[in-house]
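# Fold and contact review
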Amino acid sequence: MSLMPKRVKFRKQHRGKMRGITSGAKEINFGDYGLRAITHGWLTAIQIEAARVALTRHVKRGGKLWMRVFPDKSFTKKPAETRMGKGKGAPEYYVAVVKPGRILFEMGGIPEALARSAFRLCAYKIPFRTKFVKRTGV
């Protein structure tokens, strides 16, 4: 079962623009280390789950993980070999809109070397550029 909203106000959404920097989740608030987005993009529910699995498997279920993104935007698609027109397609899957500066994942309770290697594996699953960051002022 992939991540998706329990209920939404509208089933279908416009694609929208990904201009500017993120409005929230700029700093590490829960863990000691995090993965920050450098460029913008859409993160699908399947990609979020793949990244989460890569992180938890690498640290052998040690430490604690916080996911700071949630896919709440529906992505619609028309069926294959369908003629143009006849309205917008049905929702296919859900995506999270990620802008530069957003913290995607946070981890705590593990050594920095292990966190770096875990987030490197996690970054391979994500379709845009990311950066490993540490908590400041601790």
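Figured I'd write up the structure that's included with this text. (Residues numbered from 1 in each chain as written. Predicted model: local features only at pLDDT ≥ 70, side-chain atom pairs only at ≥ 80, totals over all residues. Heavy atoms only, no water.)

All right, on to helix α2 (residues 112-124) then. In a regular helix each residue adds 1.5 Å, so 13 residues correspond to 18 Å; α2 covers 19 Å between its end C-alpha atoms and thus fits that length. Buried residues of α2: A115, S117, A118, F119 and C122, and no others. In this structure, the buried side of α2 is in contact with β1 (33-37), α1 (45-58), β6 (103-108) and β7 (130-134). (Helix = DSSP H or I, 4+ residues; strand = E, 2+ residues; numbered from the N terminus. Expected span 1.5 Å × (residues − 1). Buried < 20%, exposed > 50% of the residue type's maximum accessible area, 1.4 Å probe, protein only. Contact = heavy atoms within 4.5 Å.)

Okay, the environment of K125 next. Checked against the element boundaries, K125 lands in the loop between α2 and β7. By relative accessible area, K125 is classed as partly exposed at 40%.

Strand pairing in a sheet takes place through backbone hydrogen bonds and is either antiparallel or parallel in direction. If you trace the four strands from one edge of the open sheet to the other, you get β3-β6-β1-β7, paired in antiparallel fashion. Each edge of the sheet is formed by a strand with only one pairing partner; in this case those strands are β3 (64-67) and β7. Going from strand to strand, the sheet's axes swing by 20 degrees on average, the running direction of each strand aside. Judged from the four bridges that link them, β1 and β6 form a sheet pairing that is antiparallel. Looking across to β6, one finds that Y33 is bridged to M107. In this fold α2 packs onto β1, β6 and β7, with an angle of close to 30 degrees to the strand it touches most, β1. (Pairing = 2+ DSSP bridges. Axes fitted to C-alpha atoms, helices over the stretch in contact; angles between N-to-C directions.)

Taken together, R11, K12, R15 and K88 make up a surface patch of like positive charges. On the secondary structure map, K88 appears in the loop between β4 (73-77) and β5 (90-98). Relative accessible area serves as the criterion here: at 43%, K88 is assigned to the partly exposed category. (Patch = residues over 30% accessible without salt bridge, like charges linked within 9 Å, V, L, I, M, F, W, Y side chains within 5 Å. Areas by Shrake-Rupley, 256 points an atom, 1.4 Å probe, with all protein chains shown as cover. Salt bridge = Lys/Arg side-chain N within 4 Å of Asp/Glu carboxyl O. Lys, Arg positive; Asp, Glu negative; His and termini not counted. Charge placed at Lys NZ, Arg CZ, Asp CG, Glu CD.)

Ranked by size, the top nonpolar core spans 22 residues in total, and within it L43, L104, F105, F119 and I126 carry the most contacts. Looking at this core, the elements that each hand over two or more residues are β1, α1, β5, β6 and α2. It is α2 that contributes the most residues to this core, four residues altogether. (Core = buried A, V, L, I, M, F, W, Y, C linked by side-chain atoms within 4.5 Å.)

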